[in-house]
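Spelled out from the first residue to the last, the chains are:
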Amino acid sequence: MTAYAFRRLLGAIPTLFVIVTLAFFMMRAAPGGPFDSERRLPPEVERNIKAAYHLDKPLAQQYVLYLGGMARGDLGPSFKNKDFTVAQLIATGLPVSARLGLLSMALALLIGTALGVIAALRQNRWQDYSVMTVAMLGITIPTFVTAPILTLVFGIHLGWLPVGGWAGGAWRNLVLPVTVLALPQIAVIARLMRGSMVEVLRANYIRTARAKGLPEGRIVLRHALRAAALPLVSYLGPALAAVLTGSLVVENIFGLPGIGRYFIQGALNRDYTLVMGVVICYAALIVFLNFLADIAYALLDPRVRLA
């Protein structure tokens, strides 16, 4: 198991390197610069600012300097957020995004798994058709559509929940954004669990368990659910990463101080170091969560780590 985990971890290093390289040169290739504005800076001031941030050096040298700083854990200063480094901004916003993403995925797992199991146990009945219809709607409707609708209904017309703000992470401020982020994942998880559970319930060992007279609830919970969860485990790593990165739109709609806000601000302001820092953070999260999903899959299915 240790050798398998080590191989997976080594494979992540080139992936991160490629992502950092592509992001660095794509940011530099975008039109405009971090210090372009309607009010033109004096040439001497502009030269001094570029020299302070190493922007006066050749692009290849800037790339090498950035890699050297990243290797030391230094993501550089923010060009636009004065007196703050990129690491400080990410440290401020990441807990908000992580809390939002983890709560959304926990809600999606709980509801999606339950709906998928119900649909599988009532295959080709009205419960199955209802769950799959709702799941299809949840997959096709994007978050930037559901967010305003839920805000309009529950925040403005009914007045039950606040429509934005953080308020120290109060639960009332989290209900709408967590629900918006969880809805597409609930739909996907329900479909995955339904398909996997239907296949498992037809397996020979499930028929044997039923022939022995075991209660249906015990068969589902102790025998079928673990095998049916294998495709779900493979999906969870990319899904959690998608929830964290997909919170960019939701954070802006609901005014949450996560790293998604910094990413959009950095992109609009051509804040190279801030955008690079958020990209690296997201890439590291995606690679790490996929790594955890692979390890969890290997723990559930010994054939993977023995291959």
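What counts as what
- Residues numbered from 1 in each chain as written.
- Predicted model: local features only at pLDDT ≥ 70, side-chain atom pairs only at ≥ 80, totals over all residues.
- Heavy atoms only, no water.
- Helix = DSSP H or I, 4+ residues; strand = E, 2+ residues; numbered from the N terminus.
- Buried < 20%, exposed > 50% of the residue type's maximum accessible area, 1.4 Å probe, protein only.
- Contact = heavy atoms within 4.5 Å.
- Areas by Shrake-Rupley, 256 points an atom, 1.4 Å probe, with all protein chains shown as cover.
- Phe/Tyr/Trp six-rings, centres within 6.5 Å; stacked < 30°, edge-to-face > 60°.
- Axes fitted to C-alpha atoms, helices over the stretch in contact; angles between N-to-C directions.
- Left-handed = near helix turned anticlockwise from the far one by under 90°.
- Nonpolar A, V, L, I, M, F, W, Y, C, P; charged D, E, K, R; others polar.

Student: Which residues make up the overall build of the protein chain, and what values go with them?
Tutor: Tallying secondary structure elements over the protein chain gives 13 helices and 0 strands in all. For the protein chain, the N- to C-terminal ordering of α and β elements is α-α-α-α-α-α-α-α-α-α-α-α-α. A buried classification covers 40% of the 307 residues belonging to the protein chain. Pairs at least 24 residues apart make up 75% of the contacts formed inside the protein chain by residues separated by at least 6 positions. Approximately 16,600 Å² of the protein chain is accessible, and the part contributed by carbon and sulfur atoms is 67%.

Student: Give a description of the environment of Gln123 that names residues and reports values.
Tutor: Mapped onto the fold, Gln123 is located in the loop between helix 4 (86-121) and helix 5 (126-140). Residue classification places Gln123 among the partly exposed positions, given a relative accessible area of 27%. Distance in space between the C-alpha atoms of Gln123 and Val198 is 7.8 Å, their sequence separation being 75 residues. Each residue touching Gln123, except ones within four places of it in the same chain, is listed here: Asp128, Arg194, Val198 and Arg202.

Student: Account for the packing of aromatic side chains, with residues named and values stated.
Tutor: Geometry of an aromatic ring pair is reported as the spacing of the ring centres plus the angle between the planes. Using the criterion set out here, one finds 4 aromatic pairs in the structure. Taking 5.9 Å as the distance between ring centres and 40° as the angle between the ring planes, the aromatic pair formed by Phe24 and Tyr66 counts as tilted. With a gap of 42 residues between them, Phe24 in helix 1 (residues 2-29) and Tyr66 in helix 3 (residues 59-71) connect regions that are remote in the sequence. Taken as a pair, Phe24 and Tyr66 share a single burial class, namely buried. On the basis of an interplanar angle of 40° and a centroid distance of 5.1 Å, the ring pair of Phe25 and Tyr63 is categorised as tilted. Note that Phe25 is positioned in helix 1 and Tyr63 in helix 3, a separation of 38 residues in sequence.

Student: Quick one: what's the story with the environment of Pro231, residue by residue and with numbers?
Tutor: Tracing the backbone through its elements, the reader meets Pro231 in helix 10 (residues 230-254). Through-space distance from the C-alpha of Pro231 to that of Gly195 is 9.7 Å; in sequence the pair is 36 residues apart.

Student: Summarise the packing of helix 4 against helix 5; cite the residues concerned and give the values.
Tutor: Contact pair helix 4 / helix 5: the axes reach a minimum separation of 7 Å and the direction vectors enclose 140°. Every pair of crossing elements has a handedness; the one defined by helix 4 and helix 5 is left-handed. Where helix 4 approaches helix 5, its residues Leu115, Ile118 and Ala119 are matched on the opposing element by Gln127, Asp128, Val131 and Met132. Considering only residue class, the contact of helix 4 with helix 5 consists of 5 nonpolar, 1 polar and 1 charged.

Student: Pulling in residues and values, what's your account of the side chain of Ser196?
Tutor: With respect to the element layout, Ser196 can be found in helix 7 (residues 171-201). A residue is classified by how much of its surface remains accessible, and Ser196, at 9% relative accessible area, is buried. When neighbours within four sequence positions are excluded, Ser196 is seen to be in contact with Ala227, Ala228 and Pro231.

Student: Quick one: what's the story with the side chain of Thr273, residue by residue and with numbers?
Tutor: Assignment of secondary structure puts Thr273 in helix 12 (residues 272-300). Assessed through its relative accessible area of 9%, Thr273 is described here as buried. Ignoring sequence-local partners within four residues, the contact set of Thr273 consists of Tyr66, Leu75, Pro77, Ser78, Phe79 and Val86.

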